[in-house]
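# Remarks on the overall topology
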Amino acid sequence: MRNALGVIQEAHDDFKRIFGRGGDSPFLDEYMTEDADFVVIGQGTAAVAGMSVAAAIAEALPRARLPVVALPATELSGFSLVDDMSDTLVIAISQSGTTTDTNRTVDLLRARGAWVVSIVNRRNSDLTHKSDGVLFTSDGRDVEMSVASTKAFYAQVAAGVLLAFGLAEATGQTDTERQHELLGALRDLPNAMERLLAARPLIRDLATEHAPARRHWAVVGNGSNRIAAAEIRIKL
């Protein structure tokens, strides 16, 4: 978590390279139209992160009125493909960059003309070579591919928020106050995690008291907390 600021800066630099801020941008010129679509895809925990990324983009581009949806990659490839997807930006999320369902869906989308930007941890993985642009979430530990990696999940969410900020800035829709609020919270995240970890004895006592007697659990939340609840369900 203490390396978060370096990852943020790298993601910012990646965005400028992908979208050509300060110069001509193929994406902004060709895709940011009234008919454009945003689709965020992934599998498992990456699909849950995609829900947060889609919400961030929709919030960051209020004047665009563009549809932004998050789907598991298998649902998109199975039910939502059309012959011409040249007006679609796809954000593909994968920890390893080798998720078969996600990569196969990306192949089908690219064949139909879609523009693909991926959020990936592992460099030089298959997905990075299939994408028009990549936002890397790693801080050097490219081999970390565990589904149980909560750090990877929140890194994907953070990269998606930065992507949303970049799109807002590139299209003249920047909400400076909101950006400062979220970036400040992101910078404070390591301290918040340390405060939470300090409560482990209390959490252990509560789990010991309540968990053994209950076989069925429901994790619920409202708004953005619903996305966090979906991720906690996977971890449990």
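Relevant structure appears above.
Residues numbered from 1 in each chain as written. Predicted model: local features only at pLDDT ≥ 70, side-chain atom pairs only at ≥ 80, totals over all residues. Heavy atoms only, no water.

### Topic: the overall build of the protein
Each helix and strand counted, the protein has ten helices and five strands in total. Excluding contacts between residues fewer than 6 apart, the proportion of contacts in the protein whose partners are at least 24 apart in sequence is 72%. Carbon and sulfur atoms provide 52% of the accessible area of the protein, an area that totals close to 12900 Å². (Helix = DSSP H or I, 4+ residues; strand = E, 2+ residues; numbered from the N terminus. Contact = heavy atoms within 4.5 Å. Areas by Shrake-Rupley, 256 points an atom, 1.4 Å probe, with all protein chains shown as cover.)

### Re the pairing of strand β5 (residues 133-136)
Taking every second residue as pointing to the same face, both faces of β5 are buried, with G133 and L135 on one and V134 and F136 on the other. The pairing of strand β4 (residues 115-120) with β5 spans four bridges and is parallel. Its bridge partner lying in β5, V120 is registered against F136. (Buried < 20%, exposed > 50% of the residue type's maximum accessible area, 1.4 Å probe, protein only. Pairing = 2+ DSSP bridges.)

### Brief notes about the sheet that holds strand β1 (residues 37-42)
Pairing is parallel across the open sheet formed by five strands, whose spatial order is β2-β1-β3-β4-β5. Looking at the sheet topology across the chains shown, the edges are occupied by β2 (68-72) and β5. In this sheet, neighbouring strand axes are inclined to one another by 20° on average, regardless of whether the strands run parallel or antiparallel. Of the strands in this sheet, β1, β3 (88-94) and β4 are in contact with helix α5 (residues 100-111), which crosses β1 at around 155°. (Axes fitted to C-alpha atoms, helices over the stretch in contact; angles between N-to-C directions.)

### Let's talk about the pattern of salt bridges
When the charged atoms of two side chains lie near each other, side chains of opposite charge can form a pair. Here the structure, examined in full by the defined rule, presents six salt bridges. Two residues, D107 and K130, come together in a salt bridge whose shortest N-O distance is 3.0 Å. Here the residue D107 occupies a position in helix α5, and K130 occupies one in helix α6 (residues 126-130), the gap between them amounting to 23 residues. Look at K130 and you get partly exposed, because its relative accessible area is 24%. (Salt bridge = Lys/Arg side-chain N within 4 Å of Asp/Glu carboxyl O.)

### Comments concerning the packing of helix α3 (residues 45-60) against helix α10 (residues 224-235)
Orientation of α3 relative to α10, taken along the N-to-C sense of each, is 170°, at an axis distance of 9 Å. In terms of their interaxial angle, α3 and α10 are classed as roughly antiparallel. Listed contacts from α10 to T45, V48, M51 and S52 of α3 are R226, I227, A230, E231, I234 and K235. Residues of the contact of α3 with α10, tallied by class, amount to five nonpolar, two polar and three charged. (Parallel < 35°, antiparallel > 145°, perpendicular 65-115°, else oblique. Nonpolar A, V, L, I, M, F, W, Y, C, P; charged D, E, K, R; others polar.)

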